[in-house]
Amino acid sequence: MGKEEKTSVLFVCLGNICRSPAGEGIFKKIVKEKGIDDRFGIDSAGTSGWHTNELPDRRMRLHGEKRGYTFDSRSRKFSSSDFDKFDYILAMDDTNYYDILELAPDVEAQKKVHRMVDFLQNLAYDHIPDPYYSGAEGFELVLDLLEDACGGLLQEIESQHGK
Ligand code: 4NP
């Protein structure tokens, strides 16, 4: 499959140090294990820019490692230019969702923005809760939800693109 046919996916949260780097790392692992990683461009960003260039939060990395994930992206701020670069933009909660939509240049760009929870297959949640001020259970919940939703997201992409 040619490079131009890649599907590009961007996970977005507030700080880009907890939820969205986890979404990025989980989705990367899923497509790698299926041997289809060459069909995707996968990245993450934060609406705030508060943690620019930082690695993911140590707690998020440790909880991820226990499940076999490596979260090693560097935080960056979401930018309106991301609408040109990505096909799917996944918001972790409603604040992220509306902050992203505010930067959309047109309706076509708006259509790229989705709530991550819309791809949940087995769990029922209306947002991916911010774990920053939570204990260990908050980080485990984020991983449970993202594993479930990443599977649903891949199914949706494959159904849309006939892959
Ligand atoms: P994230 O979590 O949006 O999932 O990366 C947060 C990270 C940092 C802060 C809030 C949420 N903060 O207030 O610095």
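One structure accompanies this document, and this report is about it. (Residues numbered from 1 in each chain as written. Predicted model: local features only at pLDDT ≥ 70, side-chain atom pairs only at ≥ 80, totals over all residues. Heavy atoms only, no water.)

Some thoughts on the environment of His161
Of note, His161 is situated in helix 6 (residues 136-161). According to the relative accessible area criterion, His161 is partly exposed, its value standing at 39%. Excluding anything up to four places from it in sequence, His161 contacts Thr7 and Tyr88. (Helix = DSSP H or I, 4+ residues; strand = E, 2+ residues; numbered from the N terminus. Buried < 20%, exposed > 50% of the residue type's maximum accessible area, 1.4 Å probe, protein only. Contact = heavy atoms within 4.5 Å.)

Side note on the side chain of Asn16
By the secondary structure assignment, Asn16 is in the loop between strand 1 (7-13) and helix 1 (19-33). The class of Asn16 is buried, set by a relative accessible area of 1%. In terms of polar contacts, Asn16 uses its side chain to reach the side chain of Ser44, at 2.9 Å. Within the structure, the side chain of Asn16 is placed 3.0 Å from the backbone nitrogen of Arg76, a separation counted as a polar contact. (Polar contact = N/O pair within 3.5 Å; in protein donor to acceptor, adjacent residues only side chain to side chain.)

Re the side chain of Ser8
Mapped onto the elements, Ser8 comes out in strand 1. A polar atom in the side chain of Ser8 sits 2.9 Å from the backbone oxygen of Lys85. Ignoring anything within four residues of it in the chain, the contact list for Ser8 reads Gly41, Lys85, Phe86, Asp87 and Tyr88.

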